[in-house]
Amino acid sequence: MRVARHAVGTICALALLVLVPVGGTPAGAAGASSSTRSASAPNHRPNILVIVSDDQAWSTFSRKLMPAVYDQLVDRGVLFRRAYVSTSLCCPSRAEILTGLYEHNTGVDDNDVPLTRPTIVEAVKQAGYRTYLAGKYLNSWNSCAPRAEFDEWACVVSHEPSSNSLRGPNVNVNGTWRHFNGYQPDVLGSLLAEDIQATPDDEPFLALFTPTTPHLPADDPRYDSMPVSPPRGRSFDANTMTENTPRFARRTALTDEEIAKSDEHYVAMAHATRSFDDAVSALLGSLGNRAQDTLVVYISDNGFLYGEHRRFGKNDAWEEAVRVPMVVRYPAALPADRSFATDALVANVDIAPTIADLAGIPWGADGRSFLPIVTRDRKTVRNAILLEHCRGVNRGTPECSGLFFDGGNTNTPGFEGIVTPRFKYVEYDDGSKQLVDLRHDPRELRNLLARPGRNAHRQALANRMRGMIGRLTNPPAHTTIAAGPGPLTSRFARFTYFAPAPSAAYRCRLVRVGHDAPWEPCPGQIVGYAGLEDGDYRFEVAGTDEDGRWDPTPAVRAFTVETRGGPDVAIGAKPGAVVAQGSVSFAYSSSLSTALFSCRLTSGEVGGEWATCPTDGISYEALAEGSYLFEVGARDPGTGSVSRPAAAWSFAVDAAGPVPAFVQTPPKSTRSDRAVFRFALAPTTSGPVRCAIDGRAGTDCASGTYRAEGLSGGFHVFTIETSDRAGTRAVTEYRWEVDRTAPAFKLNDAPNPFSKERDPVFDLWTDADPGFYLCALDGSPLMPCFTAAHLTGLADGNHRFVMFAVDAAMNRSDRKVYRWTVDTIAPGLVLSGSPQQGATTASRQASFDIEGNEPVTVYCALDGAAYQECGAHVDYTGLAVGEHAFSAYAVDRAGNASIVVGRTWTVA
């Protein structure tokens, strides 16, 4: 079912559009490269279908659970057995798929972080592709509102009125929320199939099919009767209380309750996967004759752990989390009878460059096109993949420390690592380092840096892999124009562009052929030029890498402005490029005295509805902050001809001033006396940029980088002062603390020195806020602890628990050591003395000794009286004639009670 599109707003979090009026012919900047990278489309452009499953691990990717995917994709394409996601979390991974950039370059390191980089969808749409989405876009796009780079849009999110439920979905179809009966993957697949089938044969398409399955709650019941077995490999509940395991993952054995809950999740997600296979089968079948010329990519956005390494969920660097199912089918280049499986390394960041490769457009990202592997031209396209977590806007926060608990699971600390064909190396923010030989230890049970016999060879290997991480995290600048003018409808040209580094500075110039133009700063990945005269133009842009080195080969886009008829039209009075308040006025004119005028004002994306406007000018009031494009055209009432192109002017309302975006900051609490700040300037920034710490004299920091050393302990404030062309000033602050003081720590409660409790709880306290704890039991490696440190399954015997507090700056308190004995065995008793059992005696006296096999407290009772503490020897005198009964039991120091011993006799 197709629904007419509604007008949409700006692309998510793209910076304000900066305007550069065209005019004059000053000399160009020296040193500019003459090389070009154009965006000309190839003669033949295949279709592209990207299918992204949600939280699907390899343990739920099998022929049994996905028979159609195996039959239609695996058996007819390429199965990538070594495919990875650089970040194992939904939104960061999907941002990597859309951009081809690693997490530290997208900045998206959590599900609520918006993406501010241009996407491959924008580029292919401008290259002539129809673009479709059916499913989840990004978690941070929680409005689910249509996005301008998609021609058709069917969106689901985890927020009201939608949800991750797979039954009776609410879907935002081109701006209208609609409720559907049935199951979410089937509904979305049907909507997408209709869009694809309605696409003209001469238009290629890029379609994203991204239902929220098998993501929990995975409540699709259609295959509930199918028997499935949760994974029980060698890594399941493997002992993590060793130096082989990174500190954050060390914990005692899984409880029966944890295993049962994880198994329940696995079964539900496996059943949902089987249902998803049916939806994929139907969608693939709907391609019809287009299938031959359609590249299909199937990938999961992240893996999932079901108790492996005593962990659950995702985020981790373990293979179960970062290595994901991935299949590619492209019949036009790889016939079905040549299908194969490969161990070549590929990653989610490689999908956008592969799409660009097929579409014939440049895309200078971190990923690489894997098309040569599919076509069998090459066996591999890369020798390493970067793994990351907490390397975006959340870097350095307590939640990324590895000491923060989310329910019963310790949060994964920030890390950066690398995977090569044989080895994996990971460095964690909690100080752990892990080197694994995946060829001989695919379950990652042995850390080569922790094993006895550690040698210089292993350390040298770790150092080499550390160097590879450095090269992947700071590649050379390579600038890409994501979008530029197509056939111009107005005398205005808008460009979006990017270099991989999030703090990259940019310089641009628009050169009219036969003239020259200077390089000018153009921050913010977006720039617009108004007042263009007829002629041929060349737009050039160069970005920098993290260290400020300029791209030596600027990206280039050529276009032509040409009058195609209608009355002339010109804008007279107009606002400045940046205004501080939202009231603006325009005057316009035409040499045709009888001309009528039509105007439109759009925010962000070029488009919107034209409307008749007064001949003497027009005003707009109370405009919100943002970027705007005003267009006006003249119409000849006699002939009906209209201005082609129309006149245009772009401006920004910036009441708050240009606020830069931080890319790198010191942690909110740190021991370091050094601080490095990196930031991206807003596009409306004009004039000097000044940075200062603690109110000192400011220095120029227009490069986007500022460093400070020798900071004293205590709180500090860093300020960036910027202004725009309207003179609106903004001061942006970042506050943090240099803290080298150890936190206070005490033990409020602990088990008794002798205890029969196998699952004791220690009550810990610190004055740090937030405060964390590190603990070690019986000489085991340190592990994170709760405030209520709960130990489980302790054996009988003596135990030693070491504890200390850690604050957010990683200062440690003095350690405390507590020793105690766990004793769950009842004491043994020996009863001796007289009279003997069953005796008949004339004596009115009795004397008994009760001896235990360990220190005990003895309790005695005679003739049914209440038990009382009696000691190890007891005498009774003056006993009455008749039957008597004596009984005793003992309690040891741990509170274990013995069996009851006793005698019965008769006084005659």
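About the criteria used
Residues numbered from 1 in each chain as written. Predicted model: local features only at pLDDT ≥ 70, side-chain atom pairs only at ≥ 80, totals over all residues. Heavy atoms only, no water. Pairing = 2+ DSSP bridges. Helix = DSSP H or I, 4+ residues; strand = E, 2+ residues; numbered from the N terminus. Axes fitted to C-alpha atoms, helices over the stretch in contact; angles between N-to-C directions. Contact = heavy atoms within 4.5 Å. 1 Å grid on protein atoms, 1.4 Å probe; cavity = no way out; pocket = protein on both sides within 12 Å on 5 of 7 lines; lining within 4 Å. Points joined across faces, edges and corners; volume = space filled by probe spheres on them. Expected span 1.5 Å × (residues − 1). Buried < 20%, exposed > 50% of the residue type's maximum accessible area, 1.4 Å probe, protein only. Arc of directions from axis to C-beta. pLDDT = per-residue confidence, 0-100.

Next up on the list: the sheet that holds strand β5 (residues 130-135). Strand pairing in a sheet relies on backbone hydrogen bonds. The paired strands run either parallel or antiparallel. If you walk across this open sheet you meet the 10 strands as β8-β7-β6-β5-β9-β2-β10-β13-β3-β14, and the pairing is mixed. If you trace the sheet from one side to the other, it starts and ends with β8 (176-179) and β14 (340-342), each paired once. Going from strand to strand, the sheet's axes swing by 15° on average, the running direction of each strand aside. With 6 bridges joining them, β5 and strand β9 (residues 205-210) adopt parallel strand pairing. Along β9, the bridge assignment pairs Arg 130 with Phe 205. The sheet strands contacting helix α2 (residues 90-99) are β2 (47-53), β9 and β10 (294-300), and the helix crosses β2 at an angle near 170°. In the packing of helix α5 (residues 184-197) onto the sheet, contacts are made with β2, β5, β6 (152-155), β7 (170-173) and β9, and the angle to β9 comes to roughly 175°.

Turning to empty space enclosed by the protein, a few remarks are in order. If a probe as big as a water molecule is rolled over the atoms, it shows which places are left empty. Inspection of the entire model under this criterion finds 7 cavities of 30 Å³ or more. Quantified by volume, the largest cavity comes out at close to 80 Å³. What lines the largest cavity is simply Val 52, Arg 94, Ile 97, Leu 98, Leu 133, Lys 136, Tyr 137, Leu 208 and Thr 210. Listing elements by their share of the lining of the largest cavity, those giving two or more residues are α2 and β9.

Let us look at helix α10 (residues 456-473). Counting along an α-helix, one turn takes 3.6 residues, and residues three or four places apart therefore face a common direction. Taking 1.5 Å as the rise per residue, α10 with 18 residues should run 26 Å; its terminal C-alpha atoms sit 26 Å apart, in good agreement. Taken as a whole, α10 has its buried residues at Arg 458, Leu 461, Ala 462, Met 465, Met 468, Ile 469 and Thr 473. For α10, the angular spread of buried residues about the axis comes to 130°, placing them on one side. Turned more than 90 degrees from where α10 packs its buried face, Ala 456, His 457 and Arg 471 sit exposed. Next to the buried residues of α10 lie α3 (103-106), β16 (385-389), β19 (415-419), β20 (423-428) and β21 (433-437).

Take the side chain of Thr 354 next. Along the chain, the position of Thr 354 falls in helix α8 (residues 351-359). You can call Thr 354 buried: its relative accessible area is 1%. Apart from the residues lying within four places of it in its own chain, the contact partners of Thr 354 are Leu 295, Arg 368, Ser 369, Phe 370 and Leu 371.

Turning our eyes to something else, we now look at the confidence of the model for the chain. Per-residue pLDDT for the chain averages 91, and the proportion of residues at 70 or more is 94%. Under a pLDDT of 50 for its full length, residues 1-18 has, in the predicted model, 68 contacts with residues more than four places off or in other chains. Note on residues 21-43: pLDDT under 50 across the span, and 52 contacts to partners over four residues away in sequence or across chains.

Moving on, we come to the sheet that holds strand β51 (residues 788-790). Taking strand neighbours across the sheet as the criterion, the 3 strands line up as β46-β48-β51 in an open arrangement whose pairing is antiparallel. Each of the sheet's edge strands pairs with one partner strand only, and the pair in question is β46 (745-749) and β51. Averaged over all pairs of adjacent strands, the angle between their axes in this sheet comes to 35°, without regard to strand direction. Here β46 pairs with strand β48 (residues 761-766) via 4 bridges, running antiparallel. For Asp 749, the partnering residue across the bridge sits in β48 and is Asp 763.

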